[in-house]
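Descriptive analysis of the structure
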Amino acid sequence: MSKLAFLKSPSWWLRQLGFLLLIFALGQAIAWWQSRSVVRGAAPAFALPLALPIDGHNAISLDAWLAQHAGGPVVLYFWAEWCPICKLQQGAISDVMRDTPVLTIATQSGDVAAVKKALIARQLPWLTAVDERGALWRSYGLSGVPTTVVLDAKGNIASVSVGYTSVWMLRVKLWWAAQ
């Protein structure tokens, strides 16, 4: 009898499928728990200073930014300078930025000068608003950083991911928000 004969067994495949479904359900339960206090519906409006001025502007508002990127989903990425997971997330966010509008929001990371220094040190040319004391972060009902908020074309919160999120998962969430 072959050592791989068990692969032909329907019960083996059913056990594997059950295990995968259990892992998926557990992941979804954790995601729900982490985002249970997040605001639903329209994303809360804001106007914040920019870490690096763009086109002569030192501040940005959600309404103006959404108007510039009308017609598709966008990403708000909340991060903190002191957060080690945020550093791991940098590559995924930079990758998504290549073809999707992303506004990063440095929360509880110091003033504009401190965030600017961090962006330059990490060589991140990100469009970054500064939420110095975390007021915006709290108004969204967020519970940790990094947090990725996907907004649909109407500016409604389509999904929220707390913690590390892979590039492919971000792309799935963006695809879902575009439907």
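This write-up is about the structure you can find in this document. This one's a predicted model, so the numbers in the text were calculated from it and none came from an experiment.

Going through the model one piece at a time under the given rule, you end up with four salt bridges. In this structure, D95 and R98 form a salt bridge, with 2.9 Å as the shortest nitrogen-oxygen distance. Here D99 ties to R171 by a salt bridge, and the two come within 3.0 Å at their closest N and O atoms. Of this pair, D99 sits in the loop between α3 (84-97) and β4 (102-107) while R171 sits in helix α6 (residues 167-178), and the two are 72 residues apart along the sequence. Since its relative accessible area comes to 29%, R171 is described here as partly exposed. Three or more residues joined by partner-sharing salt bridges are found here, namely D95, R98, D99 and R171.

This paragraph deals with a nonpolar patch on the surface. Taken together, F19, L20, L22 and I23 make up a surface patch of nonpolar side chains, about 420 Å² in accessible area. Tracing the chain through its elements places L22 in helix α1 (residues 10-34). The exposed category is assigned to L22, whose relative accessible area is 56%.

Going through the model one piece at a time under the given rule, you end up with four aromatic pairs. When the centroid spacing of 6.1 Å and the interplanar angle of 55° are considered together, the rings of W175 and W176 count as tilted. Overall, the relative accessible area of 60% leaves W176 in the exposed class. Connected via pairs of aromatic rings, a cluster forms that spans Y77, W79 and W126.

Parameters at a glance
- Residues numbered from 1 in each chain as written.
- Predicted model: local features only at pLDDT ≥ 70, side-chain atom pairs only at ≥ 80, totals over all residues.
- Heavy atoms only, no water.
- Salt bridge = Lys/Arg side-chain N within 4 Å of Asp/Glu carboxyl O.
- Helix = DSSP H or I, 4+ residues; strand = E, 2+ residues; numbered from the N terminus.
- Buried < 20%, exposed > 50% of the residue type's maximum accessible area, 1.4 Å probe, protein only.
- Patch = residues over 30% accessible without salt bridge, like charges linked within 9 Å, V, L, I, M, F, W, Y side chains within 5 Å.
- Areas by Shrake-Rupley, 256 points an atom, 1.4 Å probe, with all protein chains shown as cover.
- Phe/Tyr/Trp six-rings, centres within 6.5 Å; stacked < 30°, edge-to-face > 60°.

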